[in-house]
Structures are given as C-alpha cells and as structure tokens.
Amino acid sequence: MIRGLGYALTDMDRSNPRMVNFVGFANFVKIFTEDTVFPITLINSLKWVSVEVIGQLFFGMIFALILNQKFFGRGLVRTFCFAPWAVSGVLTTMLWVLIYNEHIGLLNNVLELAGLGHLTKAWVQNIDTAFSAVAIAELWRGIPFFTITLLGGLQGVPLELYESAKIDGSNAWKSFWLITIPCMKESIIFATLMRTIWEFRSVDLIMTMTNGGPVRRTLTLPIYMYKTAIEDGYYGYGAALTVILFMILSFYVVFFLKANNFGKGVNE
C-alpha cells in the first residue's frame, strides 16, 4: 500500500523506468480535471455495483426463504443453487459467452425456436445490451453468496418468535418485516458490505467478456486502472487511480458500518 501511494506521486512510466520523477499530486489533479475517461468509469462502476448488489440481495433473499422451508430433495436443490459460486470466473465467462454467442448461442437459438428471431443479436458486442448481458452473468454467479449467507441468518431466527407473532394475529408478510429482517440484520449487512467491495473491484468477468467495451459501456474503474498501468505502462497514473479506488472503498466501508450500527444487537 505504501509503495502504491509512492508510485501515485511519481511519473513512473514503463517506457523509461529509470527516469522516475516526483510530481506530487499532479496525477490526481489530472484525473479530476483533464481525464475524460475517469468520470465514465466511475459512473459505470457505481451503476455496476448498484445493479449487482441490489439484484443479488433481492434474489438471494428469495432463494434463502425457499431453501429454508422443508421439502423433499431440499439438500439436492441447495447443492444446485450453490453451484455457481464454486465456478471460477473464467469458466463462468466461457459459459455465458457461449450462451450469448451470435451464431451458436443458446439464447439466440431459443428466440429463433420461439418465433422471435428478429430479437436475436450479438448480445455482448451490442452497445445497447452489453452491460445488461454481463450484469446477468455476474448475477448468476453472485446470488449464491447472498443465498448461503442469508440462509445461515434465517436458520438462527428462533421459531418461538414466529409462533408468538402468529398467536397475536400477525400474517407472514408482517412477520417477515418485524421478525425476520431485524434478526437477520448482521447477515444482511455483512453480505451487502462484502459483495459491494468485491463488485466494485470486479475485473475477471467483465474483462474476459467485453474487455471494457463496446465503446466503454462496460469500462469500470478497476479495468481502466489495469489498462492504464499494465497495458499502457503508466504506472504512476495507474497507481493514482488505485489510491482513488482505495479511498472510495474505505469511505464506503466506514460510512456503511456506522450507518447500520454493525456489531450491535437488535435491541441495542
């Protein structure tokens, strides 16, 4: 971390690594005043994190509630639901690239069979669908984490609370908001916090599916940072982007934990 901060204050360049000059905060000034790509990547990152975390929390809660019920074959169903989380990012990419393939992809074939051939397209290469296509793939991979975490929280809720609420005339929806959610507060906060951090610095799936394209529609801050430092060789400028990313995540973590009183009991 210290070395990264040190690089951010220099003009270190791969083309001339022996000639490194101290430039102070010049890289940061350039990022916020001259860099026209940085705002695009920041907006894309915020959009990406919002869609992924909210979507994964919503569907993760639904699956957790379903898998918490007793039914025949529950163990097998749980295994299939958790499987995407065990698959590596590269394999996930290969799977979804095949699904979205313009010529042999499953999605276009299904649309053709359904008589909706006019809707087929190159989903990942199209500027109107690239972001959504990659977002759906990441949802598929990330939902199991929320499901596992929230299911653990659900199993810790005392059944006596539901029984008492039922005697008092509470319906299922009311019990969910007044009992389930408060008792699962720690699990929800933990899962949301971790996934936000992971999604904000997510690189593998976006890079291997779109590499930030088309026309920067999926170019997020971590990928821009990688392209600047590793591909283009501007280590000093890339390190400055890294410091900004670190500061954004640090501020978010502190604010999020303070706002939600993480670590305190339900009644505190």
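Quick notes on the rules
Residues numbered from 1 in each chain as written. Predicted model: local features only at pLDDT ≥ 70, side-chain atom pairs only at ≥ 80, totals over all residues. Heavy atoms only, no water. Helix = DSSP H or I, 4+ residues; strand = E, 2+ residues; numbered from the N terminus. Buried < 20%, exposed > 50% of the residue type's maximum accessible area, 1.4 Å probe, protein only. Contact = heavy atoms within 4.5 Å. Areas by Shrake-Rupley, 256 points an atom, 1.4 Å probe, with all protein chains shown as cover. Expected span 1.5 Å × (residues − 1). Bend = angle between axes of the 7 residues up to and from the residue. Core = buried A, V, L, I, M, F, W, Y, C linked by side-chain atoms within 4.5 Å. Patch = residues over 30% accessible without salt bridge, like charges linked within 9 Å, V, L, I, M, F, W, Y side chains within 5 Å. Salt bridge = Lys/Arg side-chain N within 4 Å of Asp/Glu carboxyl O. Axes fitted to C-alpha atoms, helices over the stretch in contact; angles between N-to-C directions. Parallel < 35°, antiparallel > 145°, perpendicular 65-115°, else oblique. Nonpolar A, V, L, I, M, F, W, Y, C, P; charged D, E, K, R; others polar.

A. Representation of the overall build of the protein in the model. For the protein, the count of helices and strands is 13 helices and zero strands. Projected onto its principal axes, the C-alpha coordinates of the protein cover approximately 75 × 55 × 30 Å. The buried share among the 268 residues of the protein stands at 41%. Taking as baseline every contact in the protein between residues at least 6 positions apart, the subset at least 24 positions apart corresponds to 70%. Working note: accessible area of the protein is about 15500 Å², and carbon and sulfur atoms make up 68% of it.

B. The arrangement of helix α7 (residues 130–154) in detail. Relative to the 36 Å expected for 25 residues at 1.5 Å per residue, α7 spans 35 Å between its end C-alpha atoms, a close match to the ideal helical length. By the largest-angle criterion, Arg 141 marks the main kink of α7, which is about 35°, and a proline, Pro 144, follows within four residues. Extensive coverage of α7 is indicated by the burial of 20 of its 25 residues.

C. Examining the nonpolar core more closely. Tyr 100, Met 209 and Leu 241 are the most contacted members of the largest nonpolar core, which totals 57 residues. Considering every element that reaches this core, the biggest residue donor is α7, with 10 residues.

D. Representation of a nonpolar patch on the surface within the structure. A grouping of Phe 58, Phe 59, Ile 62, Phe 63, Ile 66, Phe 71 and Val 77 is seen on the molecular surface, where their side chains present a nonpolar patch of about 570 Å² in accessible area. With respect to the helices and strands, Val 77 occurs in helix α4 (residues 74–86).

E. Seen up close, the pattern of salt bridges. Here the structure, examined in full by the defined rule, presents five salt bridges. Between Arg 141 and Glu 138 there is a salt bridge, with the nearest N and O atoms lying 2.9 Å from each other. Separated by three residues within a single helix, Arg 141 and Glu 138 lie in helix α7, roughly one turn from each other. You'll find Arg 141 and Glu 138 in the same group, each marked buried. Overall, Arg 141 belongs to the buried group, its relative accessible area being 11%. Connected via shared salt-bridge partners are Glu 138, Arg 141, Arg 195, Glu 199 and Asp 204.

F. View of the environment of Gln 155. With respect to the secondary-structure elements, Gln 155 resides in the loop between α7 and α8 (159–167). The sequence separation of Gln 155 and Leu 65 amounts to 90 residues, and the corresponding C-alpha distance is 10.0 Å. Beyond its immediate sequence surroundings of up to four residues, Gln 155 is in contact with Asn 68 and Arg 78.

G. Molecular detail of the packing of helix α10 (residues 185–200) against helix α13 (residues 235–259). Between α10 and α13, whose axes approach to 11 Å, the crossing angle comes to 170°. Judged by the inter-axis angle, α10 sits roughly antiparallel to α13. Residue-level contacts link Ile 189, Thr 192, Leu 193, Thr 196, Ile 197 and Phe 200 of α10 to Leu 245, Ile 248, Leu 249, Tyr 252, Val 253, Phe 256 and Leu 257 of α13. Grouping the constituent residues of the contact of α10 with α13 by class yields 11 nonpolar, two polar and no charged.

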